[in-house]
Amino acid sequence: MKMGILGLPNVGKSTLFNAITKAGAEAANYPFCTIEPNVGVVIVPDKRVSTLSEVYNSKKTIYTTIEFSDIAGLVKGASKGEGLGNKFLGHIREVEAIVHVVRCFEDPNVVHVDGKVDPVNDIEVINTELVIADMEVLERRIQKTEKQAKADKSALKDLELLKRIYDVLAEDRVARSITDLDETETKFVKSLDLLTYKPVIYAANVSEDDVRGEDNPHVMAVREYAEAEGSEVVQICAKIEAELSELDDEERSIFLEDMGIEEAGLDKLIKSSYALLDLISFLTTGEDETRAWTIKRGTLAPQAAGKIHTDFEKGFIRAETIAYDKLMEVGGKISAAKEKGWLRSEGKEYEVKDGDVIHFLFNV
């Protein structure tokens, strides 16, 4: 799971990324390791994992994670090679989704690159560069497909779709704003690896004063813009997150309570990122280890088993599964769950659900 964090200068992008980085240094909430200087890994908060670990007195507790990459270097003209240009665009191609940090706070001490705070304009500056880059990709693809269509009429359908996407981009709209694609068309568009088709969360960075109240006008404008393209908005105060990252668990809880904040912005952002990629977790537990495993929604039991070990998938027999909530109703006692008929035996066509606690039976 790779998320790219991007944004214009002075919007709070680096502050947010530094909070993600520091959060794992000591606090147990976000274990962190540096893969390279601008990449950090944080856990997906999941109380189910910690609870199961306590119930089964597990020796190891392993959470699922998300990788965040701090994408820097954007300036106007990036699509034409200005600034870091192609390097910047290349970094975006490597991620599965984007966290677009947008400045939604007023502060005379923090200069805005355009002289005034206008989050929608900031979004459009970046989106325009991505649109231009996508149009260049499509122009080459359309030329290639036109040649194919002369010899193979089946390519005409692809050509029609390519031109349709190009027309949307020509209107300075992003590819993800196209929402009426069927399954085959969606698969084809994903194969194009368009920058503007990647799912996006807009992180509306607000001041400390605005973090508890209703949306300020800037956040409202971002929400309206995001809704039009089918994207999500998470309100966050990067400054507060940076302060939270320096605290231990107990101090963190006290800080949030004193601020009147129910859930840290970073928690919300991580959960939203997980959901954005259409991911779910199934759980395995026991005395040796409790662990969350990441799979795509809709994954069948044998493929889920394969996440643990390839032999589990090859020799899959069945999955003994129970919903986490049901297991907790009987205090984690499998024998009690069996008596109530809550422990199910599922075969190869079973679609694993979020929160399933599973024991796989296999034979190789």
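Residues numbered from 1 in each chain as written. Predicted model: local features only at pLDDT ≥ 70, side-chain atom pairs only at ≥ 80, totals over all residues. Heavy atoms only, no water.

Enquirer: Even after reading the chapter, I still don't get the packing of aromatic side chains, so can you show me in this structure?
Expert: Any pair of aromatic rings gets described here by the distance separating the centres and the angle formed by the planes. Taken as a whole, this structure holds 5 aromatic pairs when the rule is applied. Taking 5.9 Å as the distance between ring centres and 90 degrees as the angle between the ring planes, the aromatic pair formed by F282 and F360 counts as edge-to-face. Of the two residues, F282 sits in strand 8 (residues 279-284) while F360 sits in strand 12 (residues 356-362), which places them 78 residues apart along the sequence. For F282, a relative accessible area of 0% gives the class buried. F360 gets classed as buried once you look at its relative accessible area, which sits at 7%. Three or more aromatic residues link up through ring pairs in this structure, and these residues are F282, W293, F316 and F360. Lying across the ring of W293, R291 places its NZ or CZ 4.0 Å from the centre. (Phe/Tyr/Trp six-rings, centres within 6.5 Å; stacked < 30°, edge-to-face > 60°. Helix = DSSP H or I, 4+ residues; strand = E, 2+ residues; numbered from the N terminus. Buried < 20%, exposed > 50% of the residue type's maximum accessible area, 1.4 Å probe, protein only. Lys NZ or Arg CZ within 6 Å of the ring centre and 35° of its normal.)

Enquirer: Looking at this model, I keep getting lost on the pattern of salt bridges. Mind explaining?
Expert: Between side chains of opposite charge, a pair can form as their charged atoms come close. Summed over the entire model, instances satisfying the criterion amount to 18 salt bridges. Residue R48 is joined to D46 by a salt bridge in which the shortest nitrogen-to-oxygen separation is 3.0 Å. What makes D46 buried here is its relative accessible area of 13%. Residues E263 and K271 are paired through a salt bridge, measuring 2.8 Å at the closest nitrogen-oxygen approach. When salt bridges with common partners are traced through the structure, they connect D46, R48 and D354 into a single cluster. (Salt bridge = Lys/Arg side-chain N within 4 Å of Asp/Glu carboxyl O.)

Enquirer: Can you walk me through the pairing of strand 1 (residues 2-6) in this structure?
Expert: Two faces make up the sheet, and in a regular strand the side chains alternate between them. The buried fraction of strand 1 amounts to 4 of the 5 residues, a majority that puts the element mostly inside the structure. Here strand 1 pairs with strand 4 (residues 65-70) via 4 bridges, running parallel. The partner of I5 across the bridge, within strand 4, is D70. Here strand 1 pairs with strand 5 (residues 97-103) via 4 bridges, running parallel. Paired with L6 across the strands is H100, a residue of strand 5. (Pairing = 2+ DSSP bridges.)

Enquirer: Sorry, what's going on with helix 10 (residues 265-276) here?
Expert: Helical geometry: 3.6 residues make up each α-helical turn, so side chains three or four residues apart lie on a common side. The end-to-end C-alpha distance of helix 10, which contains 12 residues, comes to 16 Å, matching closely the 16 Å that a straight helix rising 1.5 Å per residue would cover. D278 sits one or two residues past helix 10 and shows a positive phi near 60 degrees. (Expected span 1.5 Å × (residues − 1).)

Enquirer: Could you clarify how one ought to interpret unusual backbone geometry in this entry?
Expert: Working note: non-glycine residues mostly have negative phi, and peptide bonds are mostly trans. Phi at D172 is positive, roughly 65 degrees, even though this residue is not glycine. Within the element layout of this structure, D172 appears in the loop between helix 5 (155-170) and helix 6 (183-191). Using a relative accessible area of 44% as the deciding quantity, one classes D172 as partly exposed. You will see that D193, though not glycine, has its phi angle at about 55 degrees, which is positive. Tracing the chain through its elements places D193 in the loop between helix 6 and strand 6 (200-205). The class of D193 is partly exposed, set by a relative accessible area of 31%.

Enquirer: Help me understand the confidence of the model for the protein chain in this model?
Expert: Low-pLDDT portions of the prediction should not be read for the details of their coordinates. On average, the protein chain scores 85 in pLDDT, and the residues at 70 or more come to 88%. Long-range and interchain partners of residues 23-37, a stretch whose pLDDT sits below 50, account for 35 contacts in this model, where long-range means more than four residues apart. (pLDDT = per-residue confidence, 0-100. Contact = heavy atoms within 4.5 Å.)

Enquirer: Please clarify how the sheet that holds strand 4 should be interpreted in this entry.
Expert: Backbone hydrogen bonds are what pair the strands of a sheet, in a parallel or an antiparallel way. With mixed pairing, 6 strands are arranged side by side in an open sheet as 2-4-1-5-6-7. The strands lining the two open edges of the sheet, one partner per strand, are strand 2 (39-43) and strand 7 (232-236). For this sheet the average axis-to-axis angle between neighbouring strands, irrespective of direction, equals 25 degrees. Of the pairings in the sheet, the one linking strand 5 to strand 6 comprises 6 bridges and is parallel in character. Bridge pairing links V102 to A204 in strand 6. Against the sheet, helix 4 (residues 119-151) makes contact with strand 1, strand 5 and strand 6, and its axis sits at roughly 140 degrees relative to strand 5, the strand it touches most. (Axes fitted to C-alpha atoms, helices over the stretch in contact; angles between N-to-C directions.)

Enquirer: Just to check I follow, could you spell out the nonpolar core for this structure?
Expert: Across soluble globular proteins, you tend to see nonpolar side chains buried next to one another. In this structure, F68, V99 and Y202 are the most contacted members of the largest nonpolar core, which totals 58 residues. For this core, the element with the most residues is helix 4, which contributes 6 residues. Ranked by size, the runner-up nonpolar core spans 19 residues in total, among them I142, L162, I178 and L192. (Core = buried A, V, L, I, M, F, W, Y, C linked by side-chain atoms within 4.5 Å.)

Enquirer: Teacher, can you tell me more about helix 7 (residues 217-229) here?
Expert: Helix length check: helix 7 (13 residues) gives 19 Å between terminal C-alpha atoms against 18 Å at 1.5 Å per residue, within 8%. The set of residues buried in helix 7 consists of H218, V219, V222, Y225, A226 and E229. Viewed along the axis of helix 7, the buried residues span an arc of 125 degrees, placing them on a single side of the element. Structural note: helix 7 exposes P217, M220, E224, E227 and A228 on the side pointing more than 90 degrees away from its buried face. In this structure, the buried side of helix 7 is in contact with strand 5, helix 4, strand 6 and strand 7. (Arc of directions from axis to C-beta.)

Enquirer: What am I meant to see in the side chain of S245 here?
Expert: Among the structural elements, S245 can be located in the loop between helix 8 (238-244) and helix 9 (249-259). With a relative accessible area of 8%, S245 lands in the buried category. Within the structure, S245 has its side chain in polar contact with the backbone oxygen of A242 (distance 2.6 Å). (Polar contact = N/O pair within 3.5 Å; in protein donor to acceptor, adjacent residues only side chain to side chain.)

Enquirer: Even after reading the chapter, I still don't get the environment of V44, so can you show me in this structure?
Expert: Among the secondary structure elements, V44 is positioned in the loop between strand 2 and helix 2 (47-55). Looking at V44, the relative accessible area reads 5%, which means it is buried. In sequence terms V44 and Y274 are 230 residues apart; their C-alpha atoms lie 7.6 Å from each other. Those residues in contact with V44 that lie beyond four places of it in its chain are Y63, T64, T65, I66, I270 and Y274.

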